[in-house]
Amino acid sequence: MGNTTGLRERKKAQTRQAVHEAALRLTVEHGLDNVTVEAIADAANISRRTFSNYFDGKEDALLYGDEQRLDTLVTRVREQPAGRTAWQALRGALQILYSETGGPDREWHQRARLAMNHPSLLARQLAGRVRLERELSQAVAGREQPGDVRPEMITAAFLAAMRVATQWWCADRETRSLYELTVLALDEVARPFD
């Protein structure tokens, strides 16, 4: 029975990934406003009904890759050694995430640019970031904090630095990697805490 459950979960993950990739490809080719859920379902070789089993809408399908990375970030923060401060745990987890994934890829860049330029994607992404901020704050709540700074403030500063670094990275002529820019932004934010 365990193998069946494992296989079923792997097939679901593959279908979810296929739908995400189809949504991204079609959106890049035609623009978000010109892509329908039906077109995404057709491109992923599934029915409209099956699409609805996996995602609420095309925006969710498009941002799925971001959600996966951010969920992994929360997990990596929770795995950080107990002696690290909240800030050190956040930065350490981010470094591990980048080393595991090899850094952001072309898809991540495309999603980031699409989200910055489309209000419905930006709204969905913002909702995901609010959830992420809450989960990260919970993950660092028991750790040492600099001064009387609350976990929510540390997490908000961390996420703001990540957001700004992503904006820099998506600039037309930017040649540095997202990781380099994120480290730069995090260093600037951390100066007052040092």
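In this text the structure is predicted, and so the values were computed from the model without any measurement.

(A) Molecular detail of the overall build of the protein. Helix and strand counts for the protein come out as ten helices and zero strands. Ordered by position in the sequence, the α and β elements of the protein form the string α-α-α-α-α-α-α-α-α-α. Contacts in the protein between residues far apart in sequence, at least 24 positions, make up 65% of those at least 6 positions apart. Working note: accessible area of the protein is about 11,000 Å², and carbon and sulfur atoms make up 49% of it.

(B) Local environment of the UniProt feature "DNA-binding region" (unreviewed entry) in the protein. Here, UniProt's "DNA-binding region" (unreviewed entry) annotation points to residues 36–55. A distance of 13 Å separates the end C-alpha atoms of residues 36–55, which is 70% helix and 0% strand.

(C) Region of interest: the layout of surface pockets. Each pocket or cavity is described by its volume, and for the second largest pocket that value is around 190 Å³. Lining the second largest pocket are Phe55, Asp60, Leu63, Tyr64, Glu67, Gln68, Asp71, Arg124, Gln125 and Arg131. If you list the elements that add at least two residues to the lining of the second largest pocket, you get α5 (64–78) and α8 (119–140). With four residues, the top contributor of residues to the lining of the second largest pocket is α5. Residue classes in the lining of the second largest pocket are distributed as three nonpolar, two polar and five charged.

(D) Quick look at the packing of α5 against α8. Viewed as axis vectors pointing N to C, α5 and α8 meet at an angle of 10 degrees, and their least axial separation amounts to 9 Å. Viewed along their axes, α5 and α8 adopt a mutual orientation that is roughly parallel. Together, Asp66, Glu67, Leu70, Asp71, Leu73, Val74, Val77 and Arg78 of α5 and Gln125, Gly128, Arg129, Arg131, Leu132, Glu135, Leu136, Ala139 and Val140 of α8 make up the contact between the two elements. Residue composition of the contact of α5 with α8, by class: eight nonpolar, two polar and seven charged.

Conventions and cut-offs
- Residues numbered from 1 in each chain as written.
- Predicted model: local features only at pLDDT ≥ 70, side-chain atom pairs only at ≥ 80, totals over all residues.
- Heavy atoms only, no water.
- Helix = DSSP H or I, 4+ residues; strand = E, 2+ residues; numbered from the N terminus.
- Contact = heavy atoms within 4.5 Å.
- Areas by Shrake-Rupley, 256 points an atom, 1.4 Å probe, with all protein chains shown as cover.
- UniProt positions renumbered as here; feature names shortened; annotations may be inferred.
- 1 Å grid on protein atoms, 1.4 Å probe; cavity = no way out; pocket = protein on both sides within 12 Å on 5 of 7 lines; lining within 4 Å.
- Points joined across faces, edges and corners; volume = space filled by probe spheres on them.
- Nonpolar A, V, L, I, M, F, W, Y, C, P; charged D, E, K, R; others polar.
- Axes fitted to C-alpha atoms, helices over the stretch in contact; angles between N-to-C directions.
- Parallel < 35°, antiparallel > 145°, perpendicular 65-115°, else oblique.

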